[in-house]
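Remarks on the overall topology
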Amino acid sequence: AIDFQVGIDDEPEAADIFVYQNPTTGLIRINTSFDNSDVMTTVFDATGKIVMIKNLFVSEYTTEMDLSSLHSGLYMIRMEANGKKVNRRVVIMN
């Protein structure tokens, strides 16, 4: 079992953002309950270091993000949109 902690917890009450394919080889899809919005996305590694920041545009309630440049491991993705912050864990398997 992997115990991953960077001081950011998943927020089940803000479950209007879903991330899949998880685990992934790099490409993830993000589904949201809102459309035509910018999603500020910050990716943290297992040590809490920011390894990627991207501003994604959501069209038709979905967007994609390419994480293939990251090494295999467990990451935390923080997504901020429409005044909400949501954290999701993603496993990358290269």
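Anything mentioned here points back to the structure above.
Predicted, not measured: the structure shown is a model, and the values here were computed from it.

Secondary structure assignment for the protein chain yields zero helices and seven strands. Tracing the protein chain from N to C terminus, the helices and strands come up as β-β-β-β-β-β-β. Taken across its 94 residues, the protein chain has 39% of its residues classed as buried. Residue pairs in contact within the protein chain that sit at least 24 positions apart in sequence constitute 56% of those at least 6 positions apart. Surface accessibility of the protein chain: about 5500 Å² in total, with carbon and sulfur atoms responsible for 50%.

Counting residues in each nonpolar core, the largest one holds 20 residues, and the members touching the most others are I28, I30, V43, M65 and L67. Taken together, the elements giving at least two residues each to this core come down to β1 (17-20), β2 (27-32), β3 (37-44), β4 (50-58), β6 (73-81) and β7 (84-92). The biggest single contributor to this core is β6, with four residues. Setting aside residues up to four positions removed in sequence, L67 forms contacts with G26, I28, V43, M52, I77, V90 and I92.

Turning to the sheet that holds β3, a few remarks are in order. Read across the sheet, four strands follow the order β4-β3-β6-β7 without closing on themselves; strand pairing throughout is antiparallel. In this open sheet, the two edge strands, each paired with only one partner strand, are β4 and β7. Neighbour-to-neighbour, the strand axes of this sheet turn through a mean angle of 20°, independent of strand direction.

Right, let's talk about the pattern of salt bridges for a bit. Taken as a whole and assessed by the stated rule, the structure comprises two salt bridges. The residue R29 makes a salt bridge to E64 at a minimum N-O spacing of 2.7 Å. Remark: E64 occurs in strand β5 (residues 62-66) and R29 occurs in strand β2; sequence separation between them is 35 residues. Overall, E64 belongs to the partly exposed group, its relative accessible area being 39%. In this structure, E80 engages R78 in a salt bridge whose closest nitrogen and oxygen atoms are separated by 3.8 Å. On the basis of relative accessibility, which here comes to 25%, the residue E80 falls in the partly exposed class. Taking relative accessible area as the criterion, R78 reaches 24% and is therefore assigned partly exposed.

This part takes up a nonpolar patch on the surface. Taken together, the side chains of M40, I50 and I53 define a hydrophobic patch exposed on the protein surface, amounting to about 270 Å² of accessible area. Overall, I50 belongs to the partly exposed group, its relative accessible area being 44%.

Cut-offs used in this document
- Residues numbered from 1 in each chain as written.
- Predicted model: local features only at pLDDT ≥ 70, side-chain atom pairs only at ≥ 80, totals over all residues.
- Heavy atoms only, no water.
- Helix = DSSP H or I, 4+ residues; strand = E, 2+ residues; numbered from the N terminus.
- Buried < 20%, exposed > 50% of the residue type's maximum accessible area, 1.4 Å probe, protein only.
- Contact = heavy atoms within 4.5 Å.
- Areas by Shrake-Rupley, 256 points an atom, 1.4 Å probe, with all protein chains shown as cover.
- Core = buried A, V, L, I, M, F, W, Y, C linked by side-chain atoms within 4.5 Å.
- Pairing = 2+ DSSP bridges.
- Axes fitted to C-alpha atoms, helices over the stretch in contact; angles between N-to-C directions.
- Salt bridge = Lys/Arg side-chain N within 4 Å of Asp/Glu carboxyl O.
- Patch = residues over 30% accessible without salt bridge, like charges linked within 9 Å, V, L, I, M, F, W, Y side chains within 5 Å.

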